[in-house]
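Architecture and fold: a report
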Amino acid sequence: SVVCVFDPQSSFNPDETTITIKEVNVNIMGRVDYNQQQVNKWTSSICELSLTQLAKQGKPYKYIVNCAVMQKCGAGLHTANSCYWDTAMDGSCTVRWENRTMYCVVCVFAVAI
Amino acid sequence: MEGQDTGGNTYHLRPNYQHKFKPVIVKACIREILREQLSGVQYEPEEVPALSRALAESIKNKLKDAGFERYKFVVQVVIGEQRGEGVKMASRCFWDADTDSYAEDLFMNVSSFYSFSGCLRSGPNEPHA
């Protein structure tokens, strides 16, 4: 029979992931203002860099990373998630970041293999 | 491999063709929920948090009944107010491209835009809400 053992060292750590994502945001958008031509490149880069950093950890997880960048205009933005998964092993974290001209919301979902 | 006669292990590592996630079906499910719940609705800052949570739950519950065995689901709903601001969303995934996939839909009306995605992956343990 197959026994799945829960190893705390290789489980998803939301706090560690939050720090990683914040560093990625600062790295890519720390010194720029909202620019319609560049925003496509930024969102892709944030997703790809975050995914690379997560995969590097070598944990037995699949990941989904979503990134939304919105210009600061006084408009509202809300995100909500609902997941059907293994609540013991799987997890998510949402990281909000902003600068003078834009908001950035990154959601990471980690699903155990 | 099937293990029917020996009574041995019948554990399937990968879904076969009929049981794979089908984005077209999921997109249709999402679209139906959007039409039902968002037609004629205006952006109200006090109500939007509850609305987005309710939408995510409805979509997840609908997917649970859609018949995808051994799949886990991740549903994200984004609701934004239309004020002429620029918005860009992107997502990337690190998964098994053979078994896992996603579906998304966008609903827009005069006051707001709504974006939905349901992502799927297969796993050995029984998922639960």
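What counts, and at which threshold
Residues numbered from 1 in each chain as written. Chains lettered and ligands numbered in written order. Predicted model: local features only at pLDDT ≥ 70, side-chain atom pairs only at ≥ 80, totals over all residues. Heavy atoms only, no water. Helix = DSSP H or I, 4+ residues; strand = E, 2+ residues; numbered from the N terminus. Contact = heavy atoms within 4.5 Å. Areas by Shrake-Rupley, 256 points an atom, 1.4 Å probe, with all protein chains shown as cover. Core = buried A, V, L, I, M, F, W, Y, C linked by side-chain atoms within 4.5 Å. Buried < 20%, exposed > 50% of the residue type's maximum accessible area, 1.4 Å probe, protein only. pLDDT = per-residue confidence, 0-100. 1 Å grid on protein atoms, 1.4 Å probe; cavity = no way out; pocket = protein on both sides within 12 Å on 5 of 7 lines; lining within 4 Å. Points joined across faces, edges and corners; volume = space filled by probe spheres on them. Nonpolar A, V, L, I, M, F, W, Y, C, P; charged D, E, K, R; others polar. Pairing = 2+ DSSP bridges. Axes fitted to C-alpha atoms, helices over the stretch in contact; angles between N-to-C directions.

**Looking at the overall build of chain B**
The number of helices and strands found in chain B is two helices and four strands. Ordered by position in the sequence, the α and β elements of chain B form the string α-α-β-β-β-β. Within chain B, counting contacts between residues at least 6 apart in sequence, those at least 24 apart form 73% of the total. Total accessible area computed for chain B in this model is approximately 7,200 Å², and 51% of it derives from carbon and sulfur atoms.

**Side note on the nonpolar core**
A:M29, A:I46, A:V69, A:C104, A:V106 and A:V108 are the most contacted members of the largest nonpolar core, which totals 27 residues. Those elements that provide at least two residues to this core are α1 (14-29), α2 (39-56), β1 (61-71), β3 (91-98) and β4 (102-112) of chain A. Filtering out sequence-adjacent residues up to four positions away, A:I46 remains in contact with A:V24, A:N25, A:I28, A:M29, A:C67, A:C104 and A:V106. One finds B:L38, B:V48, B:F73 and B:Y114 within the second-largest nonpolar core, a separate group that totals 24 residues.

**Points about the side chain of A:S50**
All names here are of chain A. Within the fold, S50 resides in helix α2. On the basis of relative accessibility, which here comes to 0%, the residue S50 falls in the buried class. Once residues within four sequence positions are removed from consideration, S50 is found in contact with I21, V24 and V65.

**Topic: the confidence of the model for chain B**
Averaged over every residue, the pLDDT of chain B is 81; residues scoring 70 or more account for 81%. On the interface metric, ipTM, the complex scores 0.83, and its pTM is 0.85.

**Quick look at the layout of surface pockets**
Each pocket or cavity is described by its volume, and for the largest pocket that value is around 530 Å³. B:M89, B:A90, B:E104, B:L106 and B:S115 are, among the 22 residues lining the largest pocket, the residues nearest its centre. For the lining of the largest pocket, the secondary structure elements donating two or more residues are β1 of chain A together with β1 (71-81), β2 (87-94), β3 (101-108) and β4 (112-122) of chain B. Broken down by element, the lining of the largest pocket gets its largest block of residues, six residues, from β2(B). A class-by-class count of the residues in the lining of the largest pocket yields 11 nonpolar, six polar and five charged. Here the second largest pocket is characterised by a volume of approximately 250 Å³. In this structure, the second largest pocket is lined by A:M70, A:A75, A:G76, A:L77, A:H78, A:T79, A:R96, A:W97, A:E98, A:Y103, A:C104 and A:V105. Taken together, the elements giving at least two residues each to the lining of the second largest pocket come down to β2 (77-84), β3 and β4 of chain A. Residues belonging to the lining of the second largest pocket are distributed by class as follows: seven nonpolar, three polar and two charged.

**A word on the sheet that holds β2(B)**
Pairing in this open sheet of four strands is antiparallel, and the strands run β3(A)-β4(A)-β1(A)-β2(B) from one edge to the other. Only two strands of the sheet have a single neighbouring strand rather than two, namely β3 of chain A together with β2 of chain B. Adjacent strand axes in the sheet meet at a mean angle of 10° when their direction is disregarded. Sheet topology note: the β1(A)/β4(A) ladder contains 11 bridges and is antiparallel. Note on β4(A): the bridge partner recorded for A:N66 is A:C107. Against the sheet, α1(A) touches β1, β3 and β4 of chain A, its axis set at about 35° to β3(A). Relative to β2(B), α2(A) is tilted by about 25°, and along the sheet it contacts β1 and β4 of chain A together with β2 of chain B.

**What about the environment of B:V78?**
Within the fold, B:V78 resides in strand β1. The class of B:V78 is buried, set by a relative accessible area of 1%. For the pair formed by B:V78 and B:L106, sequence separation is 28 residues and the distance between their alpha carbons is 9.6 Å. If near-sequence neighbours (up to four positions away) are discounted, B:V78 is found in contact with A:L77, A:H78, A:T79, B:M89, B:F113, B:Y114 and B:S115.

**Comments concerning unusual backbone geometry**
Only a minority of non-glycine residues have a phi that is not negative, and only a minority of peptide bonds are not trans. For B:R70, which is not a glycine, the phi torsion comes out positive at approximately 65°. Within the secondary structure, B:R70 sits in the loop between α2 (48-64) and β1.

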